[in-house]
Amino acid sequence: MRTDRSPLFLGLATGLLLALSAPVQAKPEACLTSLEGFPTALAYDTEDEDVRANRSVRERWLGGYDGITCPGYVTLRAMTPGLNDRERSVFCLQFDREANTYTGFAEGRRDAYLNCAKPTGVFCEKVNASADTAGKVAGAAGQALNGVRAVESSAGAVVLSGTTGSVSAALSNLGATALATLTAPAALTAAAVTVVAVGGAVYVCSE
């Protein structure tokens, strides 16, 4: 009984083995979102496990909002390009249903569409803080700073919340550069503020 194989058979077998062992190729999908009233074209990999994991059954089957075809997670990624998927899990999307557009993102729990479970007028913005500043804020986890409790989330983010005055006082204990994070325009006039240190960056969230 012959045990040898023809070159054609061996070539086909080798090709099949390589195909089976090769990683799944990316399948880019174009989609459309709306940011502050402006239609915005994005794209994502349909084989991306993180996108799949962050799409609820409701969003997959019922789709998004009128004219918005991007999964909520793809929109959130576009808004937080400096973070990885674990780090950005501390944030949720702010969506204006009347205007049918995303208006920003905030710190908080998410609903099935990654929108904030309790929509508010609070929005987060990244501030020009150094990694050293982010490290100082992150190092405050678990401490009571002038009445402000610094809590660490499961995503590794450290969140300081309170009145603008109390958070300002807490940050002053961490140094002048940490206090400078409250110079974000919206934070200057807000009654309450939340400071989030995550991924080596600092975000200030306020109305």
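First things first, this report covers the structure right here in the doc. (Residues numbered from 1 in each chain as written. Predicted model: local features only at pLDDT ≥ 70, side-chain atom pairs only at ≥ 80, totals over all residues. Heavy atoms only, no water.)

## A closer look at the side chain of Asn115
With respect to the helices and strands, the residue Asn115 is situated in the loop between strand 4 (101–107) and strand 5 (123–126). On the basis of relative accessible area, Asn115 is assigned to the buried category, the value being 4%. With residues up to four places along the chain from it excluded, the contact list for Asn115 reads Tyr65, Cys92, Leu93, Phe95, Tyr102, Arg109 and Arg110. (Helix = DSSP H or I, 4+ residues; strand = E, 2+ residues; numbered from the N terminus. Buried < 20%, exposed > 50% of the residue type's maximum accessible area, 1.4 Å probe, protein only. Contact = heavy atoms within 4.5 Å.)

## Focus on the packing of aromatic side chains
Here the structure, examined in full by the defined rule, presents four aromatic pairs. On the basis of an interplanar angle of 65 degrees and a centroid distance of 4.9 Å, the ring pair of Phe95 and Tyr102 is categorised as edge-to-face. On the accessibility criterion, Tyr102 (2% relative accessible area) is buried. Every member of this aromatic cluster is reached through a ring pair, and the members are Phe91, Phe105 and Tyr203. (Phe/Tyr/Trp six-rings, centres within 6.5 Å; stacked < 30°, edge-to-face > 60°.)

## A word on the nonpolar core
Counting 31 residues, the largest nonpolar core has Val74, Phe91, Tyr102, Phe105, Val196, Val198 and Tyr203 as the members making the most contacts within it. Contributions of two or more residues to this core are made by strand 2 (38–45), helix 4 (72–79), strand 3 (91–96), strand 4, strand 9 (192–198) and strand 10 (201–206). With residues near it in sequence (within four places) discarded, Val196 still touches Val90, Phe91, Glu107, Ala157, Val158, Val159, Ala201, Val202, Tyr203 and Cys205. Judged by nonpolar contacts, the second largest core, of 19 residues, contains Leu145, Val158, Leu174 and Val195. (Core = buried A, V, L, I, M, F, W, Y, C linked by side-chain atoms within 4.5 Å.)

## Things to note about unusual backbone geometry
Even without a glycine there, the phi angle at Glu36 is positive, about 50 degrees. By the secondary structure assignment, Glu36 is in the loop between strand 1 (28–35) and strand 2. Residue classification places Glu36 among the exposed positions, given a relative accessible area of 59%.

## A short note on the state of the cysteines
Summed over all chains, the structure comprises three disulfides. Here Cys31 pairs with Cys70 through a disulfide, and the sulfurs are 2.0 Å apart. Because the torsion about its S-S bond is 90 degrees, the bridge between Cys31 and Cys70 counts as right-handed. Placement of the pair is Cys31 in strand 1 and Cys70 in the loop between helix 3 (57–62) and helix 4, with a sequence separation of 39 residues. Residues Cys31 and Cys70 agree in their burial class; the two are buried. Sulfur-sulfur distance for the disulfide between Cys124 and Cys205 comes to 2.0 Å. Between Cys124 and Cys205 the sulfur-sulfur dihedral comes to about 105 degrees; the bridge is accordingly right-handed. Of this pair, Cys124 sits in strand 5 while Cys205 sits in strand 10, placing them 81 residues apart in sequence. (Disulfide = S-S within 2.5 Å.)

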